[in-house]
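One letter stands for each residue in the lines below.
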Amino acid sequence: ARLGVLLSGRGSNFIAIADAIAKGSLTGCEIAVVLSNIADAPGLAAAQERGLATEAYVSKGVPRAEHDARMIAALNAHEIDLVILAGYMRVLSPDFIRAFPDRILNIHPSLLPSFPGLDAQKQALDYGAKVAGCTVHFVDEAVDHGVIILQRVVPVEDADDETSLSARILEQEHQAYPEAIARVLSGRYRTEDRRYRLS
Ligand code: GRF
């Protein structure tokens with residue numbers, strides 16, 4: 001399968017996926033292109049260093065529909081099977097989501113449906129949650145809402161601040177994302193009444 005990765009920032013999840021492919025723990029796929037809406041995103045530079053195809057479409061000041069049309073065209077040009085959101089900090093338009101039905105994955109640093117949206121780790125701390133984690137899910141038209149592929153849990157320690165909790169969650173993200181992609185590519189799971197499970 002051909003993966004198209006979308007990122008806006010440091011790209012550590014992208015790197016974890018690329019490493020998993022390189023060392024053979026994630027098989028049956030390749031990263032066909034890495035796209036960013038931020039021209040100087042560190043994740044884009046990391047992709048270039050790995051010799052991957054990269055393209056930047058600056059989104060600032062561009063209407064969402066227009067920007068997304070460019071992204072869809074780029075993904076289609078690279079014949080992408082699966083879209084991987086890896087810290088892509090823009091909400092996708094309904095047109096984008098309809099262009100890749102059940103073929104867009106996202107990772108969110110909370111145990112959804114708790115703490116959707118921005119600063120999820122801080123939301124968990126402020127709420128006083130005792131466990132936190134990450135969720136890999138399919139993307140639908142509501143933010144951080146689609147069918148859950150898998151989740152990983154971490155404890156919230158008394159001494160945690162946003163930095164320490166985020167780091168503990170991020171470590172799990174890097175394992176969860178390649179594993180979730182493998183699950184989707186295996187073709188052995190089905191969604192029934194929102195439950196994604198072995199069929
Ligand atoms: C991660 O916390 C991810 O869960 C969220 O954005 C962050 C991206 O980090 N969606 P990175 O760019 O992959 O390092």
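Bear in mind that the values here come from a model prediction, so they are computed numbers and not experimental data.

Observations concerning the domain arrangement of the protein
Interfaces are often sized by the accessible area lost when the parts come together. Under the domain assignment used here, the protein contains domain 1 (1-101) and domain 2 (106-199). Distance between the C-alpha centres of domain 1 and domain 2: 19 Å. At the level of secondary structure, the elements contributing two or more residues to the side of domain 1 that touches domain 2 comprise α1 (12-22), β4 (82-85) and α4 (94-99). With 5 residues, the top contributor of residues to the side of domain 1 that touches domain 2 is α1. Its residues placed into classes, the side of domain 1 that touches domain 2 shows 13 nonpolar, 4 polar and no charged.

Details of the UniProt feature "site: Raises pKa of active site His" (unreviewed entry) in the protein
With numbering aligned to this structure, UniProt lists the feature "site: Raises pKa of active site His" (unreviewed entry) at D144. Here D144 lies in the loop between β6 (131-138) and β7 (148-155). The exposure class assigned to D144 is partly exposed, which follows from the 17 C-beta atoms found within 10 Å. Once residues lying within four places of it in the same chain are set aside, the contact partners of D144 are H108, L112, P116 and G117.

Looking at the pairing of strand β5 (residues 104-108)
In terms of burial, β5 is a largely internal element, 5 of the 5 residues being buried. Going residue by residue along β5, you find I104, N106 and H108 tucked away on one face and L105 and I107 tucked away on the opposite face as well. Bridge analysis of β4 against β5 gives 3 bridges, and the strand direction is parallel. Bridge pairing links V83 to I104 in β5. For the segment spanning β4, α4 and β5, crossover handedness is right-handed. In this structure, β5 lies alongside β6, joined through 4 bridges in antiparallel fashion. Across the sheet, H108 pairs through a bridge with T135, a residue of β6.

A closer look at the site of the ligand
Around the ligand, the surrounding shell holds 14 residues, and the nearest of these are G9, S12, N13, G87 and P109. If you list the elements that add at least two residues to the shell around the ligand, you get α1, β5 and α6 (162-186). Of the residues belonging to the shell around the ligand, the class tally is 5 nonpolar, 7 polar and 2 charged. There are two domains that each give the shell around the ligand at least three residues, and those are domain 1 (1-101) and domain 2 (106-199).

A short note on the confidence of the model for the protein
Of the residues in the protein, 100% reach a pLDDT of 70 or more, and the chain-wide mean stands at 97. At the level of chain-chain contacts, confidence expressed as ipTM amounts to 0.98, with global pTM at 0.97.

Overview of the UniProt feature "active site" (unreviewed entry) in the protein
Taken from the UniProt record, the annotation "active site" (unreviewed entry) applies to H108. By secondary structure assignment, the location of H108 is in strand β5. A tally of 24 C-beta atoms within 10 Å means that H108 is categorised as buried. Not counting chain neighbours up to four residues away, the residues in contact with H108 comprise A120, C134, T135, H137 and D144.

Things to note about the packing of α1 against α6
The contact between α1 and α6 brings their axes to 9 Å, and the two run at 50 degrees. Here α1 is positioned oblique relative to α6, judged by the angle of their axes. As α1 runs across α6, the sense of the crossing is right-handed. Contacts between α1 and α6 involve S12, N13, A16, I17 and A20 from the first element and L170, E173, H174, Y177, P178 and I181 from the second.

So, how was this worked out
- Residues numbered from 1 in each chain as written.
- Predicted model: local features only at pLDDT ≥ 70, side-chain atom pairs only at ≥ 80, totals over all residues.
- Domains from an automatic or database assignment.
- Helix = DSSP H or I, 4+ residues; strand = E, 2+ residues; numbered from the N terminus.
- Nonpolar A, V, L, I, M, F, W, Y, C, P; charged D, E, K, R; others polar.
- UniProt positions renumbered as here; feature names shortened; annotations may be inferred.
- Buried ≥ 20, exposed ≤ 12 C-beta atoms within 10 Å, placed from the backbone.
- Contact = placed C-beta atoms within 7 Å.
- Pairing = 2+ DSSP bridges.
- Right-handed = clockwise from strand over helix to strand, strands pointing away.
- Near = placed C-beta within 6 Å.
- pLDDT = per-residue confidence, 0-100.
- Axes fitted to C-alpha atoms, helices over the stretch in contact; angles between N-to-C directions.
- Parallel < 35°, antiparallel > 145°, perpendicular 65-115°, else oblique.
- Left-handed = near helix turned anticlockwise from the far one by under 90°.

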